Amino acid sequence: MYENKKTAALNPSAPTDGGQLYPKNTTTIAENPAKGNQYTEKTKEERETWLHKLEQVQDPNYLHMVGMEELMDQTFPVKEPVIDSLLYKGAYLFAGAPKIGKSFLVLQIAYAISTGQPLWDYQVHEGAVLYLALEDQYQRLQERMARMFGVDGDGDLMLAVTAKQLGQGLEKQMEFFLTRFPHAQLIIIDTLQKVREVGGDRYSYASDYDIISQLKTFADDHNICILIVHHTRKQQSEDSFEMISGTTGLLGCADGAFLMHKEKRTDHRAILDIVGRAQPDQRLRLLRNEETLTWTLEGADCELWKAPPDPLLEQVAKLVSTEQPVWSGTATELVALLQLDLTPIGVVKRLNSRTNRLYSDYGIRYETSRNHNGRALTLTLTSD
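Predicted, not measured: the structure shown is a model, and the values here were computed from it.

Chemist: Teacher, can you tell me more about the overall build of the protein here?
Modeler: Summing up its helical and strand segments, the protein has eleven helices and 16 strands in all. Every one of the 384 residues in the protein was classed for burial, and the buried ones make up 42%. Expressed as a percentage of contacts within the protein between residues at least 6 apart in sequence, the contacts between residues at least 24 apart total 62%. Surface accessibility of the protein: about 21,900 Å² in total, with carbon and sulfur atoms responsible for 50%.

As structure tokens, then:
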């Protein structure tokens, strides 16, 4: 018969970066060899360590800290692209002056992703798209899309011209879309002003930062990209991104931003400046096709920087192929198999810090887990 022993403890009052570290109630079950019970009673030393950590967390001055050794031992999710080298999952701003053509461009982005067609020279990752065209109407969208893409619609591009405000039901509406389209990649909000709560401090740094933070949290939690259309100021600035209307709190919280601008409003050409945490800064020169109203890429003012080859990643990439798309084993087995001049823990730390590059350069997803044999590594060749 199993022996149940419950240890009640106060819930830690201080939040941590990784969520609650320790549960309210911990149940330990004594080992029963006859039943093959996998749970064992904690040792005295383990209980004392656990209680010591609990006391630290309950300290009102507690600060959650991570040392370099612990940090390098962590594996974080890959920052997946929606459009390679251009747009990644997270929250992005798309700013430009009114009537400059930014809504046409974001609609072009939405169509490319929903149909899997490349955007200029950039490869897209196909998935459903929700376009909240909150300053438009369905008749005008119909005319615009027929002119841009023809009348034979394919792909999962869903459009809406009304939506609730953030904090007043918008999140539930976006979740409704994601429930119907679990393979969704992108939600476009056109424009930010239509979904933000109206208040006396709406232009404060704290308010601007908070509204983007809410959208970023939603995007991260649901593993999608949210592209937020916004306007620019009339005043010029040496830093073009300082022209984004509102405070720097908008850009400060976003994962990246697109800024579209022209020298003259009547020009058929435009500049698209791009900054982001997951990609290098870019400046693209665009030309508008007046017949189809779509934007074409004339060129870029700088070539994307590419990191030099990484010998470790090149060797690791040889383990997986279309014939054998998955490799799983321990770090020790990986070192022996590739005859690496590294310790197992050294390989793990290097791979942990190169997870995004292994995915973007080789299409290999790297994951770690712990079992009774220690740490297990899994390398999976993705369909992309």
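Chemist: Just checking my understanding: could you explain the nonpolar core for this structure?
Modeler: The tendency in soluble globular proteins is for nonpolar side chains to be buried as a group. If you look at the biggest cluster of nonpolar residues, it comprises 44 residues, and the most contacted ones within it are I83 and F94. With 31 residues, the next largest nonpolar core counts L132, L178, L192 and A219 among its residues.

Chemist: Which parts of the structure should I look at to understand the environment of Y131?
Modeler: Relative to the elements of secondary structure, Y131 occurs in strand β6 (residues 129-133). For Y131, a relative accessible area of 0% gives the class buried. Along the chain, Y131 and L159 lie 28 residues apart, while their C-alpha atoms are 4.9 Å from each other. Setting aside anything within four residues of it in sequence, one finds Y131 in contact with S103, V106, L107, L141, L157, M158, L159, A160, I188 and D190.

Chemist: How do you make sense of the pattern of salt bridges when you look at a structure like this?
Modeler: Pairs may arise between side chains of opposite charge once their charged atoms sit close together. This structure, assessed with the given rule, holds 17 salt bridges. Between R269 and E298 there is a salt bridge; the shortest N-O distance is 3.0 Å. Here R269 is found in strand β11 (residues 269-276), whereas its partner E298 is found in strand β13 (residues 295-300), with 29 residues between them in sequence. In this structure, R354 and D310 form a salt bridge, with 2.7 Å as the shortest nitrogen-oxygen distance. Of this pair, R354 sits in the loop between α10 (344-353) and α11 (355-362) while D310 is found in the loop between β13 and α8 (311-317), placing the two residues 44 residues apart along the sequence. Judged by relative accessible area, which is 26%, R354 ranks as partly exposed. By sharing partners, the salt bridges in this structure join K79, K216, D220, D255 and R277 into a single network.

Chemist: Any chance you could explain the sheet that holds β6 here in plain terms?
Modeler: Paired through backbone hydrogen bonds, the strands of a sheet run either parallel or antiparallel to each other. The strand order across the open sheet formed by nine strands is β7-β6-β8-β9-β5-β10-β11-β12-β13, and the pairing between neighbours is mixed. Looking at which strands have only one partner, the edges of the open sheet turn out to be β7 (157-160) and β13. Within the sheet, the average angular offset between the axes of one strand and its neighbour, ignoring direction, is 20°. For β11 and strand β12 (residues 282-288), the ladder comprises six bridges, and the chain directions are antiparallel. Bridge pairing in β12 places L272 opposite L284. Along the sheet face, helix α4 (residues 138-149) touches β6 and β7 and points at about 145° away from the line of β7. Packed on one face of the sheet, helix α5 (residues 170-180) meets β6, β7, β8 (186-190) and β9 (225-231) and runs near 140° to β8.

Chemist: It is not clear to me how the environment of S85 should be interpreted in this structure. Could you clarify?
Modeler: Here S85 lies in the loop between β3 (81-83) and β4 (87-88). Each C-alpha atom, one on S85 and one on Q123, is 8.6 Å from the other, the two residues being 38 residues apart in sequence.

Chemist: Is there a simple way to think about the side chain of K216 in this case?
Modeler: Looking at the secondary structure, you find K216 in helix α6 (residues 205-222). Ignoring sequence-local partners within four residues, the contact set of K216 consists of A91, C253, D255 and R277.

Chemist: What exactly am I supposed to notice about the pairing of β7 here?
Modeler: Regular strands place side chains that alternate from one sheet face to the opposite one. Judged from the four bridges that link them, β6 and β7 form a sheet pairing that is parallel. Its bridge partner lying in β7, V129 is registered against L157. Traced from β6 through α4 to β7, the parallel crossover comes out right-handed.

Chemist: How should I be thinking about unusual backbone geometry in this particular structure?
Modeler: As a rule of thumb, non-glycine residues mostly have phi less than zero, and peptide bonds are mostly trans rather than cis. Following D190, the chain continues into T191 via a peptide bond in cis, with omega recorded as 20°. Positive phi values are uncommon outside glycine, yet Q339 reaches one of about 50°. Considering the arrangement of structural elements, one finds Q339 in the loop between α9 (331-338) and α10. We classify Q339 as exposed; its relative accessible area is 72%.

Chemist: I keep staring at the packing of α9 against α10 and nothing clicks. Help me out?
Modeler: The geometry of a pair of packed helices is captured by two quantities: the angle between their axes and the separation between those axes. Here α9 crosses α10 at 95°, and the two axes come no closer than 8 Å. The angle between the axes of α9 and α10 places the two elements in the roughly perpendicular class. Between α9 and α10, the residues in contact are A331, T332, L334 and V335 and P344, V347, V348 and L351, respectively.

Chemist: Whenever I open this one, a nonpolar patch on the surface confuses me. Can you help?
Modeler: A surface patch of nonpolar side chains, about 270 Å² in accessible area, is lined by V66, L71 and F76. You can see F76 is positioned in the loop between α2 (68-72) and β3. When its relative accessible area of 48% is taken as the criterion, F76 is described as partly exposed.

Conventions used here
Residues numbered from 1 in each chain as written. Predicted model: local features only at pLDDT ≥ 70, side-chain atom pairs only at ≥ 80, totals over all residues. Heavy atoms only, no water. Helix = DSSP H or I, 4+ residues; strand = E, 2+ residues; numbered from the N terminus. Buried < 20%, exposed > 50% of the residue type's maximum accessible area, 1.4 Å probe, protein only. Contact = heavy atoms within 4.5 Å. Areas by Shrake-Rupley, 256 points an atom, 1.4 Å probe, with all protein chains shown as cover. Core = buried A, V, L, I, M, F, W, Y, C linked by side-chain atoms within 4.5 Å. Salt bridge = Lys/Arg side-chain N within 4 Å of Asp/Glu carboxyl O. Pairing = 2+ DSSP bridges. Axes fitted to C-alpha atoms, helices over the stretch in contact; angles between N-to-C directions. Right-handed = clockwise from strand over helix to strand, strands pointing away. Parallel < 35°, antiparallel > 145°, perpendicular 65-115°, else oblique. Patch = residues over 30% accessible without salt bridge, like charges linked within 9 Å, V, L, I, M, F, W, Y side chains within 5 Å.

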